[in-house]
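Below, each chain spelled out in residue letters.
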Amino acid sequence: IEATNSDPLYGPRFDRERQYVGVEYEILLERSLSSMNIAFETEEQLRVRGTPRTPDILFSCPMAIKVPKEILGKANGNANGSGNKNNSGNKAKHENVVAVDEDGGVWKMI
């Protein structure tokens, strides 16, 4: 029992701490979205409705966010954002793209 309680990565104590952090972030997310008047449903509301999958929140309407080109480059495995000569991953890179700004930022649907 002592070993289980003292393990910083596994066991019931760590599971509880991880769950508390997750709940705190859900509350922070819900408060932030509410303060910006963004319509969404909570995980609890989705469960009551009987939704088979329940993310932390579900936007009530489609949303687009601007993703700076620097982040896109890192997400695609290329820190400088210049792209890859090989087009094999091209479809995934452009999935859900709505528009591209003059500064290279991409608007993606979420």
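See the structure shown above.
A short tour of the structure in this document, coming up. (Residues numbered from 1 in each chain as written. Predicted model: local features only at pLDDT ≥ 70, side-chain atom pairs only at ≥ 80, totals over all residues. Heavy atoms only, no water.)

Here we come to helix H2 (residues 12–35). The terminal C-alpha atoms of H2, which comprises 24 residues, lie 35 Å apart, in line with the 34 Å expected from a rise of 1.5 Å per residue. With its phi angle positive at about 55°, asparagine 37 sits one or two positions after the end of H2. (Helix = DSSP H or I, 4+ residues; strand = E, 2+ residues; numbered from the N terminus. Expected span 1.5 Å × (residues − 1).)

A few words now on the sheet that holds strand S5 (residues 106–109). Taken in spatial order, the three strands line up as S3-S5-S4 in an open sheet, and their pairing is antiparallel. In this open sheet, the two edge strands, each paired with only one partner strand, are strand S3 (64–67) and strand S4 (97–100). Neighbour to neighbour, the strand axes of the sheet diverge by 25° on average, direction disregarded. Strand direction decides the pairing type here: S3 and S5, joined by four bridges, are antiparallel. Residue pairing across strands places isoleucine 65 opposite lysine 108, the latter belonging to S5. (Pairing = 2+ DSSP bridges. Axes fitted to C-alpha atoms, helices over the stretch in contact; angles between N-to-C directions.)

Here the focus is the pattern of salt bridges. Applying the stated criterion across every chain, the model contains four salt bridges. Salt-bridge contacts for arginine 13 lead to glutamate 17; the nearest nitrogen and oxygen are separated by 3.3 Å. Residue arginine 13 and its partner glutamate 17 are both found in helix H2; the two are separated by four residues, about one turn of the helix. (Salt bridge = Lys/Arg side-chain N within 4 Å of Asp/Glu carboxyl O.)

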